[in-house]
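Structural overview
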Amino acid sequence: MKTLIVDDERLARNELRRLLENFPKIQIVGEAANADEALPMIDELEPELLFLDIQMPGKNGFELLQSIEGKTPEVIFTTAFDEYAIKAFEFNALDYLLKPVELARLSEAIHRVEEEQQHAADPSAGPIAGSTSKVLGENDQVFVKDGEKCWFVKLGKVRLFESMGNYVRLYFDDQKPLVLKSLNALEDRLNPTTFFRANRKHIINLQWIEKIEPWFSGGLLVTLRGGDKIEISRRQAIRFKDLLSL
């Protein structure tokens, strides 16, 4: 898989190149420090995958993608800032890695790229078993199993997702099953216009919000229908207001 690394920090490029040595299918064909360097390399080398920083001198990562005239490669964003996540997925990014990039998280991202390529090669095969590439919205139904109990639940009915270590607890109706998944992995699959990362431990369904109050240190306290009270951290409160303001 021909891969181009675009990042204005040389140390960040070196570290990512070192981590990518763990993945023999990844062939790094070049590096660029900014959009002006990257665009001619994309035309010439036709990479299948970009590891792309967002904040760079000159054009940022999003503007670089808008400037590509030919076929756009698959994109994995790498950035030190988490406030661009929603916009990143508007650009159909396969993943969004926060620096410093961890090997386990990078491995998830590479796996997603491989699944996407496999599906592109044979779309007649239908959905990929265990695929994590489809973004799920409120009208999608998901199969949930917790011990001997099973549910086939519409995501719009899930008002809250709560991290419990390696598990996530789903809150719908009067049920609270656990699923073996990290909250970060789940967040990657949920449509950000409906499901919002309130803090390190919670994702809330925006359509279930009943009340919003100012909270400590610039945060917010939301009350969901059903009575659950969830704190939105100060950093996420800024994103929350941007997302829901006119």
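Residues numbered from 1 in each chain as written. Predicted model: local features only at pLDDT ≥ 70, side-chain atom pairs only at ≥ 80, totals over all residues. Heavy atoms only, no water.

As recorded in an unreviewed UniProt entry, the chain goes by Response regulator and comes from Spirosoma terrae.

1. Considering the overall build of the chain
Put simply, the test is: Per the convention used, a helix needs a DSSP run of H or I reaching at least four residues, while a strand needs a run of E reaching at least two, with both numbered from the N terminus. Values of the radius of gyration come from C-alpha atoms, whereas the globule rule sets the reference at 2.2 Å times the count of residues to the power 0.38. Throughout, a residue-residue contact means that at least one pair of heavy atoms, one from each residue, lies within 4.5 Å. Only the protein chains shown count as cover for residues, and the accessible areas themselves come from Shrake-Rupley with a 1.4 Å probe.
Per the secondary structure count, the chain includes 7 helices and 15 strands. In terms of C-alpha radius of gyration, the chain reaches 19 Å, essentially the compact-globule figure of 18 Å for 246 residues. By principal-axis analysis of the C-alpha atoms, the chain measures approximately 55 × 45 × 30 Å. The long-range fraction of contacts in the chain, counting pairs at least 24 apart against all pairs at least 6 apart in sequence, stands at 46%. Of the roughly 13,500 Å² of accessible surface on the chain, a fraction of 50% belongs to carbon and sulfur atoms.

2. A closer look at the sheet that holds strand β12 (residues 202-205)
To keep it simple, the criterion reads: For two strands to be treated as a pair, DSSP must find no fewer than two bridges joining them. Structural elements are reduced to axes, namely lines fitted to C-alpha atoms, with helices fitted over the stretch in contact, and the angle between N-to-C directions of any two is expressed from 0 to 180 degrees.
The 5 strands are arranged β10-β9-β8-β12-β11 in an open sheet whose pairing can be described as antiparallel. If you trace the sheet from one side to the other, it starts and ends with β10 (178-180) and β11 (195-197), each paired once. Neighbour to neighbour, the strand axes of the sheet diverge by 25 degrees on average, direction disregarded.

3. Some points on the domain arrangement of the chain
A common way to express how large an interface is: the accessible area buried when the components associate. Selection rule: An automatic or database domain assignment supplies the start and end points of every domain. Take the accessible area each of two parts loses on contact, using a 1.4 Å probe, and add the two losses: that sum is the buried area. Here, a salt bridge means any side-chain nitrogen of Lys or Arg that lies within 4 Å of a carboxyl oxygen of Asp or Glu.
Under the domain assignment used here, the chain contains domain 1 (2-120) and domain 2 (141-244). For domain 1 and domain 2, the distance between their C-alpha centroids amounts to 29 Å. Counting residues at the interface gives 7 residues for domain 1, matched by 6 residues for domain 2. A combined buried area of about 700 Å² lies between domain 1 and domain 2, and 52% of that area is made up of carbon and sulfur atoms. At the junction of domain 1 with domain 2, the criterion picks out 2 salt bridges. Measuring nitrogen to oxygen at the nearest pair gives 2.9 Å for the salt bridge that ties Arg105 to Asp188.

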